[in-house]
Structures are given as structure tokens and as C-alpha cells.
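# Examining the three-dimensional arrangement
Now for the letters of each chain:
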Amino acid sequence: FDETSMNRPFSEFWIHSSHNTYLSGNQLTSMSSVEMYMAALYRGCRYLELDCWDGERDGDKPIPDIYHGHTMTSKITFHDVIQAIKLFLNENPNCYPLVLSLENHCSIPFQETMASDMITIFGDSLFVPNEETLHGSIPSPADLRGKVVLKGGRITESNDSNDTDNDSDSDDSEVEDKFSANESFDEKTSSDDRTRKEISPELSRIIYLQSMSVKNFEESASHPSFHMHSLGESEVRKYCRKKDQRDSWIAYNQTHITRTYPSAWRVKSGNYSPMSAWSAGCQLVAINLQTSDYAKRLNDGRFRENGGCGYVLKPPSINGAVNSPSQLFVIHLKVLAGYCLPKPRGEKRGECINPYVHVCLYDVDGGREIEINRQTDTVNNNGFNPIWNQMDDFKFKVQNPDVAMLQLSVWDKGVTDDFIASSSIPVSCIREGYRGVKLFDENHTRSGPFECASLLIDVKIKRGKEA
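The sections below set out a description of the structure shown in this document. (Residues numbered from 1 in each chain as written. Predicted model: local features only at pLDDT ≥ 70, side-chain atom pairs only at ≥ 80, totals over all residues. Heavy atoms only, no water.)

## Section: the sheet that holds strand β14 (residues 329-339)
Spatial ordering of the open sheet is given by β17-β14-β21-β20, a layout of four strands whose pairing is antiparallel. With partners counted over all chains shown, the strands left at the sheet margins are β17 (394-398) and β20 (433-438), one partner each. Averaged over all pairs of adjacent strands, the angle between their axes in this sheet comes to 35°, without regard to strand direction. As paired strands, β14 and β17 are joined by five bridges and run antiparallel to one another. (Pairing = 2+ DSSP bridges. Helix = DSSP H or I, 4+ residues; strand = E, 2+ residues; numbered from the N terminus. Axes fitted to C-alpha atoms, helices over the stretch in contact; angles between N-to-C directions.)

## A word on the packing of helix α2 (residues 78-91) against helix α3 (residues 108-122)
Close contact between α2 and α3 brings their axes to 10 Å; oriented N to C, the two are set at 20°. Judged by the angle between their axes, α2 and α3 are roughly parallel. With respect to the hand of their crossing, α2 and α3 are arranged in right-handed fashion. Contacts from F78, H79, I82, Q83, I85, K86 and L89 of α2 reach α3 at M114, D117, M118, I121 and F122. The residue makeup of the contact of α2 with α3, split by class, is eight nonpolar, two polar and two charged. (Parallel < 35°, antiparallel > 145°, perpendicular 65-115°, else oblique. Left-handed = near helix turned anticlockwise from the far one by under 90°. Contact = heavy atoms within 4.5 Å. Nonpolar A, V, L, I, M, F, W, Y, C, P; charged D, E, K, R; others polar.)

## Here we look at the side chain of S422
Checked against the element boundaries, S422 lands in strand β19 (residues 418-426). Non-local contacts of S422, meaning those with residues more than four positions away in its chain, are made with R297, L408, S409, K438, L439 and F440.

## Describing the sheet that holds β19
Within the open sheet, the four strands sit side by side as β16-β15-β18-β19. Their pairing is antiparallel. Of all strands in the sheet, those with a lone pairing partner are β16 (368-375) and β19, marking the two edges. Here the average twist between neighbouring strands, direction ignored, is 20°.

## A word on the pattern of salt bridges
Enumeration over the complete set of coordinates arrives at 14 salt bridges. Note that K243 is salt-bridged to D247, the shortest N-O span being 2.7 Å. Remark: D247 and K243 occur in helix α10 (residues 243-252); sequence separation between them is four residues, near one turn of the helix. Given the relative accessible area of 54%, K243 is considered exposed. Exposure remark for D247: the relative accessible area of 34% places this residue in the partly exposed category. Among the salt bridges present, the one from D365 reaches R368, with a minimum N-O distance of 3.8 Å. Three or more residues are tied together by salt bridges with common partners; here these are R43, K296 and D300. (Salt bridge = Lys/Arg side-chain N within 4 Å of Asp/Glu carboxyl O. Buried < 20%, exposed > 50% of the residue type's maximum accessible area, 1.4 Å probe, protein only.)

Written out as C-alpha cells, the structure is:
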């Protein structure tokens, strides 16, 4: 953990971020839960999403709800979520700032209740911007330690109070066509949009970050630092493909903030690769934390850096301190042995496992994502101390060492191969020699049967002409 780095501006960090934090499963029918916020916070997540809608009334008092609008997901109250977040802050008063993204679909009375609840419950922990902070440079995580920062719609001089973050991926025209075929859905959505453009002055006053639409990044860079962009995964791919747009986006992200989020097509809450967004300097790469897949495991590995505080300083090549990325190099890796590998999901009963190790390099070269996959042989009926007689090295040519990650995952060979455990390591953190690699279960923990699970590997790194 490098405490001195935390004095850098907020925009110079990758920040552990979640998408639709309240959901426990898919995007259409799953349960919403306050516990999902607590689970995200305790795993190091520092960016939480709250989709806010008009709920019931308790007498004359409006009660805002949180759920995935126009779906069959269950509802939880805004008040309960804010109380849970405050409980976390009480137990962790020195944590680095929590960013709450308010996707606001509420009418004015319900917005006033939201503002009142946050002011009352958070108290001094709520960061309330003033003219100096709005028109100055963006604060650092150290400046905002123990604070809650709000993202949402603000009332501006131009009357543009609309938060353009509508959580729909505009490039997914097929999704839009599918929804537009449902006339009742369209009518309800457009009606809500027309009647809920207004922002409560009480809520606007405590909002800091405001999401704005993209025209071009050069123009966006001239806007105040609290203006930011929210882009779907297909827009990320589009901007990364063209060098001029990618370069201007990287420059924009040195002083401003970008959030990225999964496509609307991902109704099962699957994840997109975060690599392109990280390589463009995007700070808030939102992941569905309820889904255990390769992308979430990459995210877990990225944010084990810097003491797991949820903030990782971006490399100098992305933050603009140097003109070129680190020198390219080649990793030579041998998987030698494993220790105390449990059964899938930590089960106590069943046959001995047949483990093998899948090793994958996730890299980015000029806006193009690269995956290099290698796999060991299978060791039959031995999870206690399997030894792989690997004669040849796995060779990985790394194009972007500042961003690239290496993922080692252990699987049980069978009719359908079952995931056991994994570890994702930023290439910049890999060291040469014989190394022990701690393995994590699908929830990124090392408790119970996974407490001692590990791999022994041999790493050689060759640079320049040696490679």
C-alpha cells in the first residue's frame, strides 16, 4: 500500500466499481438485496450504483425504491441502502471515498426524501461541493477520505439538469429494436422520461459528479472537472479502435472521469473484458460482482494491488507522465506443482479431483485486446500435491506491460470441467524466480478448504534483445 500516491487527483486512479450493485442475479428477475451492497464494500468496491424509483408513501412521506426499472427484479428501499452504507462507514471511518451513482427516475417529492435521508444519515461523511471544488481541480482520494461522493443529475446554468447516464448501450441497436417492439414498454419509458427530467434543488446541491453526453473528447476536456462520461461496452470498443479517438480519450481521462458499463444484452449479468477500458485510462469500469467469470477474476486481481483499498494509481504511460509505455518483454512460465487444491466449490464429498491449470495472458495492443491461452496436462486423482512434468515453458509476449494481466486458474477435468480456484496478477507485479501463487475461490476468498490452496511456478522475464 502506497499512501503517498493517494494525494494524486481522483482521475489518476483505477477505482473498484460495480454495476447494478443491488442485484443478486440476472438483470430481469433476480432479487435485489441490501446485503449485496455490504458484500461489495467489504470486497473493496468503492463505486456503487443505486437505481432510484418512486415507491409507496408512508402517510405523506414518499419512500423511494431501488430496483432495475421495467423488470421483474424485487425492490428494496433507498433508506435501507443508505443506512447500510453508513454502517460500513462507521466501522471503516478511514476508508477512501465511496462514490454513489444515483440513477434518478424519481419525481420531485421522492428526490427530496432521498436528499433528506442522505444528509441526515451520512451527516459529516457526505461530501457537499461548493463553488471552489466545482470549478477547481478534481480532489484526491486522501482529500475525500471517509467521505461519500454523489454522482447524478445537477441543475446547471444552461438548465441541462438531466443525468445522461441512462444505463443503455446505444450501440446495441438489436436491444433497442427488441424493446421498441413492446409498445407499452416504450410508452411507459417515454412518459417517465418526460415527467422526471426535473431535478430537486435539495438533491442537486449535494451532487458532485455529473454525467454528460460525448461530442468529442477534446471539447469534453475543457469542461469543469466534475463533468464525466458514461459509456457502454460497445462504445468503449468503438473509441478504442481508432488511434486518434483513443489518444484523445486517454488525455481526457487524465483530468476527467469515465465510467463504463456492460451491454444491455447481458441479461444474465455476464461481464465484458475490462482490459480496453483500463488501457484507455477509464477510472470506473463497472463489473457485475454477482457473476463469477474471468472478467470479475481479472477485476479482483487488479484491485488486490495497493492494499486492496479500492484505488490503484494508473501507470505513468496512461496518466501522461511519460510519452511511451514500458518496454515490451516476454514471460517464460512453468507450472511446477499445486498444493492443497480442494474439490470444486469446496465440497467435502466426492471423488478425487483431476486438476489442470489454464494460464491466460490478457493484453491490449493499440486498442485491440489480445488473449494468449496455455494449458497444462491433467494430473489424475491428486488434489493434495499434483506435480506437472512440464518440460517446455509457456511463452507470453507482452505488448502493454502497464495494463496486461496473467490469470492462472485451476480446473477439475471431467465430463464438464469444473472451476476450482484462480489468481489474476498484473504483469507489472510479476517477479522472476520460483514463486508461490495463492489461489482464490469464486468469491475471491481464501477461507475454509481454500486457505492453503496454491501453485508453485517458475518465472523468467526477458527484455529487449534477450526476448
